[in-house]
Amino acid sequence: MAAKADEIAAPDHCDGSIQMSRAGEMMKMESVEEQPQTELKRGFKNRHVNMFAIAGSIGTGLIIGSGSALASGGPGSILIAYCIMGMCVYTVMTAFAEMAIFAPMSKGFSGYATRFVDPALGFATGWNYFFKYSVLLANNLTATGLIIRYWRQDINVGVWIAVFGAFVVALNFLPVSKFGETEFVMAIVKVIVLVGLILGCFIISLGGSPSGERIGFRYWNNPGAFAPYLAQGDLGRFLGFWSCMVQAAFMFMGCEVVGITYGEAKNPRKAIPRAVQQTIIRIAIFYIGGVIVLGMTVPYTNELLLSANKQQTSAAASPFVVALKLAGIQTLPGIVNACFLMFTVSFANSDIYIASRTLYGLARDHQAPAIFGKTNKSGVPVYAVMAASLFCCLAFLNVTTSSGKVFGYFVSLSTVLGLINWVNIIVTYICFQKGIHAQGITRAGLPWKGLLQPYAVYITFIITALIIIFSGYTAFIGGFKVDKFITSYLGIVLYLFNILVFKIWKRSSRVRPAEMDLVSGRLVYDTDGEEEILAKKGVLRRLASALWGR
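Cut-offs applied
- Residues numbered from 1 in each chain as written.
- Predicted model: local features only at pLDDT ≥ 70, side-chain atom pairs only at ≥ 80, totals over all residues.
- Heavy atoms only, no water.
- Helix = DSSP H or I, 4+ residues; strand = E, 2+ residues; numbered from the N terminus.
- Buried < 20%, exposed > 50% of the residue type's maximum accessible area, 1.4 Å probe, protein only.
- Contact = heavy atoms within 4.5 Å.
- Areas by Shrake-Rupley, 256 points an atom, 1.4 Å probe, with all protein chains shown as cover.
- Core = buried A, V, L, I, M, F, W, Y, C linked by side-chain atoms within 4.5 Å.
- Axes fitted to C-alpha atoms, helices over the stretch in contact; angles between N-to-C directions.
- Parallel < 35°, antiparallel > 145°, perpendicular 65-115°, else oblique.
- Left-handed = near helix turned anticlockwise from the far one by under 90°.
- Nonpolar A, V, L, I, M, F, W, Y, C, P; charged D, E, K, R; others polar.
- Expected span 1.5 Å × (residues − 1).
- Arc of directions from axis to C-beta.
- Salt bridge = Lys/Arg side-chain N within 4 Å of Asp/Glu carboxyl O.
- Phe/Tyr/Trp six-rings, centres within 6.5 Å; stacked < 30°, edge-to-face > 60°.
- Lys NZ or Arg CZ within 6 Å of the ring centre and 35° of its normal.

S.K.: Would you mind showing me how to read the overall build of the protein here?
M.R.: Broken down by element type, the protein carries 20 helices and zero strands. The burial tally for the protein puts 55% of its 550 residues in the buried class. For the protein, contacts bridging at least 24 residues in sequence account for 82% of all contacts bridging at least 6. Summing over all exposed atoms, the protein offers an accessible surface of approximately 24400 Å²; the carbon and sulfur share of this is 66%.

S.K.: Even after reading the chapter, I still don't get the environment of asparagine 156, so can you show me in this structure?
M.R.: One can find asparagine 156 in the loop between helix H6 (119-148) and helix H7 (157-172). When the C-alpha atoms of asparagine 156 and leucine 146 are compared, they prove to be 9.8 Å apart, with ten residues separating the residues in sequence.

S.K.: Any chance you could explain the nonpolar core here in plain terms?
M.R.: One broad rule of soluble globular proteins: the nonpolar side chains tend to lie buried together. Tyr82, Met85, Phe252, Leu359, Phe432 and Ile467 are the most contacted members of the largest nonpolar core, which has 134 residues in total. When residues of this core are assigned to their parent elements, the largest contribution, 21 residues, is made by helix H4 (residues 60-102). Apart from the residues lying within four places of it in its own chain, the contact partners of phenylalanine 432 are Met99, Phe102, Phe116, Leu446, Met516 and Leu518.

S.K.: Help me understand the packing of H6 against H7 in this model?
M.R.: Helix-helix packing: each pair is described by the crossing angle between the helix axes and the interaxial distance. The N-to-C vectors of H6 and H7 enclose an angle of 125°; their axes lie 8 Å apart at closest approach. In this view, H6 runs oblique relative to H7, as classed from their interaxial angle. Crossing of H6 over H7 shows right-handed handedness. Of the residues in H7, those touching H6 at Leu141, Thr142, Thr144, Gly145, Leu146 and Ile148 are Val157, Trp160, Ile161, Phe164 and Gly165. Along the lines of polarity and charge, the residues of the contact of H6 with H7 split into seven nonpolar, four polar and no charged.

S.K.: Explanation requested: helix H17 (residues 456-470) in the structure shown.
M.R.: An α-helix turns once per 3.6 residues; consequently, residues spaced three or four apart project the same way. With 15 residues, H17 ought to run about 21 Å at 1.5 Å a step, and its terminal C-alpha atoms sit 22 Å apart, in line with that. Within H17, burial applies to Ala456, Val457, Thr460, Ile463, Thr464, Ile467 and Ile468. Taken end-on, H17 shows its buried residues confined to a sector of 135°, consistent with a single buried face. Seen from the buried face of H17, the exposed residues on the opposite side, beyond 90 degrees, are Ile459 and Ile462.

S.K.: Can you walk me through the pattern of salt bridges in this structure?
M.R.: Close approach of charged atoms allows side chains of opposite charge to pair. Under the criterion given, the structure shown has five salt bridges. Arginine 443 serves as the salt-bridge partner of glutamate 98, at 2.8 Å between the closest nitrogen and oxygen. In this pair, glutamate 98 is assigned in helix H4 and arginine 443 in the loop between helix H16 (403-438) and H17, connecting sequence segments 345 residues apart. Given a relative accessible area of 1%, glutamate 98 falls into the buried group. In this structure, lysine 503 and aspartate 118 form a salt bridge, with 2.6 Å as the shortest nitrogen-oxygen distance. Note that lysine 503 is positioned in helix H18 (residues 482-506) and aspartate 118 in the loop between helix H5 (108-116) and H6, a separation of 385 residues in sequence. In this structure lysine 503 comes out as partly exposed when scored by relative accessible area, which is 30%.

S.K.: Got a minute to help me understand the packing of aromatic side chains in this structure?
M.R.: For any pair of aromatic rings, the description rests on two quantities: the centre-to-centre distance and the angle between the ring planes. Summed over all chains, the structure comprises 22 aromatic pairs. For the pair phenylalanine 96 and tyrosine 112, a centre-to-centre distance of 5.3 Å together with 85° between the ring planes defines the contact as edge-to-face. With a gap of 16 residues between them, phenylalanine 96 in helix H4 and tyrosine 112 in helix H5 connect regions that are remote in the sequence. Each member of the pair, phenylalanine 96 as well as tyrosine 112, carries the same accessibility label: buried. The interplanar angle of 40° and the centroid separation of 5.2 Å between the aromatic rings of phenylalanine 116 and phenylalanine 432 together place this pair among those described as tilted. Linking phenylalanine 116 in helix H5 with phenylalanine 432 in helix H16, this pair joins segments that are 316 residues apart in sequence. Neither phenylalanine 116 nor phenylalanine 432 differs from the other in exposure class; each is buried. Taken together, the ring pairs connect Phe123, Trp127, Phe130, Phe131, Phe391, Phe502 and Trp505 into an aromatic cluster. Here lysine 506 stacks its cationic end above the ring of tryptophan 505, 4.5 Å away from the centre of that ring.

S.K.: What exactly am I supposed to notice about the side chain of asparagine 302 here?
M.R.: Relative to the helices and strands, asparagine 302 resides in the loop between helix H11 (268-297) and helix H12 (303-308). If we skip the residues at most four places from it in the chain, asparagine 302 touches Val322 and Leu326.

S.K.: Just checking my understanding: could you explain the environment of valine 457 for this structure?
M.R.: Along the chain, valine 457 turns up in helix H17. Along the chain, valine 457 and valine 89 lie 368 residues apart, while their C-alpha atoms are 10.0 Å from each other. Among all residues touching valine 457, those that are not within four sequence positions of it are Thr91, Ala95, Ile426, Tyr429 and Ile430.

S.K.: How should unusual backbone geometry be read in this particular structure?
M.R.: Keep in mind that most residues, glycine aside, have a negative phi and that most peptide bonds are trans. Of note, the amide linkage connecting asparagine 222 to proline 223 takes the cis form, showing an omega dihedral of 20°. As for its position among the elements, proline 223 is in the loop between helix H9 (218-221) and helix H10 (233-252). With an omega dihedral of 5°, the bond running from glutamine 453 to proline 454 counts as a cis peptide bond. Relative to the assigned elements, proline 454 resides in the loop between H16 and H17. Positioned with a positive phi, leucine 230 is a non-glycine residue whose angle comes to about 65°. Judged by relative accessible area, which is 46%, leucine 230 ranks as partly exposed.

Take a look at the structure:
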């Protein structure tokens, strides 16, 4: 309005200068438009973030991998292992949420590691996350082909890898709001399927099967709650429990990836706490509830369960399907297999999203080529999406090699990379706590505080480190196995190599707690919350808020 008033009050001889100033403004606007976009759009609604958290917490590991854990450790071991790892992943999520709510930023996990610890750790964290989800992309595309082979054995798995690979790549070029809608729908399907399977097993255990036999907790007594694994006696039962811990780590891995969406959430102040707090409920219902009903309906010595563990992927490999078959229900496996196909497509879709946003964050921190930090008008980092999508080609290794064998290699490598990511988040959080303490910020001054923090992260760190170190124990039992040793520990070598290379290349130094940046991003956070509050008020209340600052 001020500009219009000046224009009206200006004398005639000023028309030329006004036109020149307008031309200058237009040139500035054009130059701004021509500049490459570098910012993500906050297009994720609260429900998108919440359902993305659900999508990340429901994996094929729970639907399929829980069968091998049950067979190796028994119902007691798997229940204890799932409870322990469930608390670990909740601790990791609350630790990251404290940092993300305190100072939201769109650079993901690597951005916080660079800012609060050391650029070398941020470099290693980001590339570790990028390669982990790039490997998982190939893993999940492989799984789609294996699942369809449940119906068609005559079509090469490479055909399905190409079809579904092209589909998920196309989805990732959509604006983030539309991408969020697709994940929202697929997450709903996951919840419905898993809740249906859990309820079905529970009903069977209470006598709702065609035979009408009431099972209850019979299998906890015979054959027993704790299964021996690779040895007899107490040693065998301990190895069975440890096998469940390692497999539970893989099954829970990915629950923390909802943190990647924080940089594109419209209202981080509300979306982040809600997503984190609901995680413990999902863990209790889906994971803990799932393994309880499986232990009630499937004995760990059953031949169907043991043979299912050799199927790799598809409905035949699921312990839930084994429970249905033991109950005399034969018509559901095909339907369940179709639902599993939806699961793997959803995972492949989110893998590209997570890998591309991680690469975008690395580019913004000058730890990757700058081109990956550019976005289109919709805020999609198109070049980063292209780079992540190239790893679809990795899945074509299955065309010439046993798909099951490659699938196993992908799983082992991604497990170690995922656990290292947990360690990175914990280390970053510990340094963040030292920073706020050194700069006189008390925990009471934080906008959100996680349960049992900051003490819980130390316990989680010890558990995670032990699993990383001893995850490849099977490589040393019954003769040394080179392939298992490499896939179990290659990720550690690559991680340490990345830190060393960056230290030598950039000569980076550790961020001192007293010099830590605890200011950037907090204003954006406060403004974002105020805009949503003002949008819900009437005209008069908006005016009052502007006058009185409320």
